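# What the coordinates show
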Amino acid sequence: MSTNAPGQLLGFGLQFPRALFHLLRCGPGDKVSLEVMGDVSTVSVDDDVIIEEDKSSQISNPISDLSIDLWKTFYNWVNQANSKTIDPDKTKFLLYSNKKGKKGIIDSFNDSKNISEAIANFEKVKSKFKDLNEDHPIKNYIDFLINNESLLLKVIVNFELQTGIGA
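Read on for an overview of the structure.

Sheet architecture is open: five strands sit in the order β1-β2-β3-β4-β5, paired in mixed fashion. Whereas interior strands pair on both sides, the edge strands pair on one side only; in this sheet they are β1 (31-34) and β5 (159-163). Averaged over all pairs of adjacent strands, the angle between their axes in this sheet comes to 20°, without regard to strand direction. In this structure, strand β4 (residues 91-97) lies alongside β5, joined through five bridges in parallel fashion. Paired with Leu 95 across the bridge in β5 is Leu 161. Docked against the sheet, helix α2 (residues 68-82) engages β3 (49-55), β4 and β5, running at close to 160° with respect to β3.

See below:
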C-alpha cells in the first residue's frame with residue numbers, strides 16, 4: 001500500500017471545495033471545470049480565464065522555494081502559454097495552498113503587480129539558483145523558465161497566491 005495515498009486524497013479532495021468557491025464567485029454563463037486547464041479553471045463569458053493549481057501538504061509548506069510542485073506549476077503555466085493553449089495576458093494564475101510557510105519566492109511573485117517588479121523578483125530567483133546542482137529536481141524547471149522569461153514575467157504579473165490556513 002502506498003504511503004502517499006492520504007496526501008494524494010487530500011490534494012484531490014481539495015479541488016471540490018475550490019471548484020465550489022469558483023462557482024459561487026462566477027457569473028451567469030461562466031464555466032468552471034476540474035482538471036481541464038488546471039486543477040480548477042474558470043472561463044468567463046468574456047473569455048477571461050482563471051487557472052488554479054492546488055497544493056496541499058499534511059505537515060509542511062507545499063510551495064517552499066525548493067518545492068518541485070512550485071516550479072512544475074510555473075513550468076506548466078508557461079508551457080501552456082508557449083503552446084498558445086492560453087493567453088497569459090487574459091489569464092489569472094492562481095495558486096492555492098492549504099499551508100502557509102515562511103516568506104519566500106512565491107510571496108515576491110504574489111507581490112509583483114507590474115512587469116518591473118516581476119523582473120526584479122525573477123532576477124532574485126536567478127541569483128539564488130545560479131549555482132544549483134545539475135541533478136537537483138528543480139533544475140530543469142528553473143532552466144526552462146529562464147529560457148522562457150518573457151512569458152514567465154506575464155504569468156508572474158497575473159499571479160495570485162491564496163492560502164487556506166489549516167484547510
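So, about α2. Between its first and last C-alpha atoms α2 spans 20 Å; for 15 residues at 1.5 Å apiece the expected length is 21 Å, and the two agree. Listed as buried for α2 are Leu 70, Trp 71, Thr 73, Phe 74, Trp 77, Val 78, Gln 80 and Ala 81. At the N-terminal boundary of α2, the capping side chain belongs to Ser 67, with an oxygen 3.2 Å from the backbone nitrogen of Asp 69. At the exit of α2 stands Lys 84, carrying a positive phi of roughly 65°.

All told, the structure shown has ten aromatic pairs when counted by the stated rule. Ring geometry for Trp 71 and Phe 109: centres 6.2 Å apart, planes at 90°, overall edge-to-face. Of this pair, Trp 71 sits in helix α2 while Phe 109 sits in helix α3 (residues 105-111), and the two are 38 residues apart along the sequence. Judged by relative accessible area, which is 0%, Phe 109 ranks as buried. We note Arg 18 situated over the ring of Phe 21; from NZ or CZ to the ring centre the distance is 4.6 Å.

Counting 33 residues, the largest nonpolar core has Trp 71, Phe 74, Phe 109 and Phe 159 as its most contacted members. Elements with a contribution of two residues or more to this core: β3, α2, β4, α3, α4 (115-128), α5 (139-147), α6 (149-157) and β5. With six residues, the top contributor of residues to this core is α2. Residues in contact with Phe 74, not counting those within four places in the same chain, are Ile 106, Phe 109, Leu 145, Leu 152, Val 155, Ile 156 and Phe 159.

Cut-offs and rules
Residues numbered from 1 in each chain as written. Predicted model: local features only at pLDDT ≥ 70, side-chain atom pairs only at ≥ 80, totals over all residues. Heavy atoms only, no water. Pairing = 2+ DSSP bridges. Helix = DSSP H or I, 4+ residues; strand = E, 2+ residues; numbered from the N terminus. Axes fitted to C-alpha atoms, helices over the stretch in contact; angles between N-to-C directions. Contact = heavy atoms within 4.5 Å. Expected span 1.5 Å × (residues − 1). Buried < 20%, exposed > 50% of the residue type's maximum accessible area, 1.4 Å probe, protein only. Polar contact = N/O pair within 3.5 Å; in protein donor to acceptor, adjacent residues only side chain to side chain. Phe/Tyr/Trp six-rings, centres within 6.5 Å; stacked < 30°, edge-to-face > 60°. Lys NZ or Arg CZ within 6 Å of the ring centre and 35° of its normal. Core = buried A, V, L, I, M, F, W, Y, C linked by side-chain atoms within 4.5 Å.

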